[in-house]
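Each chain, letter by letter, is given below.
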Amino acid sequence: MSRRAPRLLTAALAVAALALGGCAEKTTDTPAPSGGASTAATFPVTVGSLTLEQRPEKIVSLSPTATEMLFAIGAGPQVTAADDNSNHPAEAPRTDLSGFQPNAEAIAAKDPDLVVIASDRNKVVDQLTKLKIPVFLTPAAVTLDDTYRQLTELGTLTGHPTEAADVVTGMKDDIAKIVADLPQRAEKLTYFHELSPDLYTATSKTFIGSLYTLVGLENIADPADADGESGGYPQLSEEIIVEANPDFVFLADTKCCQQSVETVQARPGWATITAVQENQIVALDDDIASRWGPRVVDLLRTIIDATAKVPA
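These numbers were taken from a predicted model, which means no experiment stands behind them.

How each quantity is defined
- All residue numbers here refer to positions counted from 1 along the written sequence of the relevant chain.
- Local features in a predicted model are, by the rule used here, given only for residues with pLDDT of at least 70; side-chain atom pairs are given and counted only at 80 or more, and totals for whole chains, interfaces and linings are based on all residues.
- Only hydrogens and water are set aside; all other atoms, that is, all heavy atoms of the structure, feed into the side-chain values.
- Where helices are involved, their axes are fitted lines through C-alpha atoms of the stretch in contact, as for all axes, and angles between N-to-C directions lie from 0 to 180°.
- To qualify as a helix, a DSSP run of H or I must reach at least 4 residues; to qualify as a strand, a run of E must reach at least 2; elements of each kind are numbered from the N terminus.
- Geometric relationships in this document are graded by angle, where less than 35 degrees denotes roughly parallel, more than 145 denotes roughly antiparallel, 65 to 115 denotes roughly perpendicular, and other angles denote oblique.
- The contact criterion used throughout is that any non-hydrogen atoms of two residues lie within 4.5 Å.
- Residue type decides the class: Asp, Glu, Lys and Arg count as charged, Ala, Val, Leu, Ile, Met, Phe, Trp, Tyr, Cys and Pro as nonpolar, and the leftover types, Gly among them, as polar.
- A 1.4 Å probe rolled over the protein chains alone gives each residue an accessible area, and that area as a share of the maximum for its type sets the label: buried under 20%, exposed over 50%, partly exposed in between.
- Side-chain atoms within 4.5 Å link the members of a nonpolar core, which is a set of buried Ala, Val, Leu, Ile, Met, Phe, Trp, Tyr and Cys residues.
- Domain start and end points were adopted from an automatic or database domain assignment.
- At least two DSSP bridges between two strands are needed for those strands to be called paired.
- Crossovers are marked right-handed if the path from the first strand over the helix to the second runs clockwise, as seen with the strands pointing away from the viewer.

Trainee: I keep staring at the packing of helix α6 (residues 161–180) against helix α12 (residues 296–307) and nothing clicks. Help me out?
Mentor: Each pair of packed helices gets described by two things: the angle between the helix axes and the distance between those axes. Running from N to C, α6 and α12 cross one another at 10°; their axes reach a closest spacing of 10 Å. With respect to their mutual orientation, α6 and α12 come out roughly parallel. Two secondary-structure elements touch here, α6 through M171, D174, I175 and I178 and α12 through V296, V297, L300, R301 and I304. Here the contact of α6 with α12 is composed, by residue class, of seven nonpolar, no polar and two charged.

Trainee: What exactly am I supposed to notice about the environment of A72 here?
Mentor: Here A72 shows up in helix α2 (residues 64–72). A residue is classified by how much of its surface remains accessible, and A72, at 13% relative accessible area, is buried. Put simply, A72 and A164 are 92 residues apart on the chain and 7.9 Å apart in space, counted from C-alpha to C-alpha.

Trainee: Just to check I follow, could you spell out the nonpolar core for this structure?
Mentor: Among soluble globular proteins, nonpolar side chains are generally buried collectively. Counting residues in each nonpolar core, the largest one holds 57 residues, and the members touching the most others are L211, Y212, L217, F248 and F250. Broken down by element, this core gets its largest block of residues, seven residues, from α12. Both domain 1 (45–172) and domain 2 (184–308) contribute no fewer than three residues apiece to this core. If sequence neighbours within four positions are ignored, F250 has contacts with Y191, F192, H193, E194, Y212, L217, V282, L284, I303, A306 and T307. Residues F192, W270, I273 and A275 belong to the second largest nonpolar core, which totals 15 residues.

Trainee: Sorry if this is basic, but what is going on with the pairing of strand β7 (residues 190–194) here?
Mentor: With five of five residues buried, β7 lies mostly within the body of the structure. The side-chain alternation of β7 yields two buried faces, one formed by T190, F192 and E194 and the other by Y191 and H193. Across two bridges, the pairing between β7 and strand β8 (residues 218–219) is parallel. Paired with Y191 across the bridge in β8 is N219. In terms of handedness, the path from β7 via helix α7 (residues 207–214) over to β8 forms a crossover that is right-handed. Pairing of β7 with strand β9 (residues 248–251), which is carried by four bridges, proceeds in the parallel orientation. Bridged to E194 within β9 is L251.

Put into structure tokens, the structure is as follows:
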């Protein structure tokens, strides 16, 4: 990943985020006991190299996506502290802890029995391990399968395997349904996904890019990263974008950089772009467009709703 990508995806892939609306859980199995744990949960459990002897009751989440996942699978009551970017759901116990500059002492002060992080910044994993605090990594997803896997693993670790399985099934069913209704087009619609006003973007190799591919759109940025040097996050020039003439411009910098339909329309030289001429500039929620949790279903719906207005 490029050096610039993590900063740009603080609100958008942090990387937050490849998380929307949250899937409703389908509780077709035996109801969970009053303590909130799934009846299928037994401990100890092992995921990868991490073994938990008992269900964690004081979880610290340093990833906005992980926070959304934990609440979606019913483990929200076990989350006692979340990082400063964990703004969804509203009841998440947001603190001044940082996932980008994690401080082991500040984390330890929360007395957690499990810490969930998206990346090992400041070598925090080693620091917390020395303090005998279990740590679980949930790195930025590259595919939807990564999302499903992380939900399943968190369900196992928190004592909510059944609930996690229901969320995954719900996501898969919802995505299959909305993708099945896509119109058949003779030519693919093209798009530019904007991460910042200085025209950093994401290619089809990234998680967000894979969602656009899923709905049949063609990414104008792919040729700019043919050699892979930008890690999927190249910076385009205005000339390249104008020449590529995308049918759609999707803005994932509406919160962090105050970009909007109006600011794009006012950019010099952009008046000739189809997306501008046809009013096909779509303002996304930065958070939803940067996280890879359950709300990706909502993001897909937003993309599909926007493109469905173009006749097949």
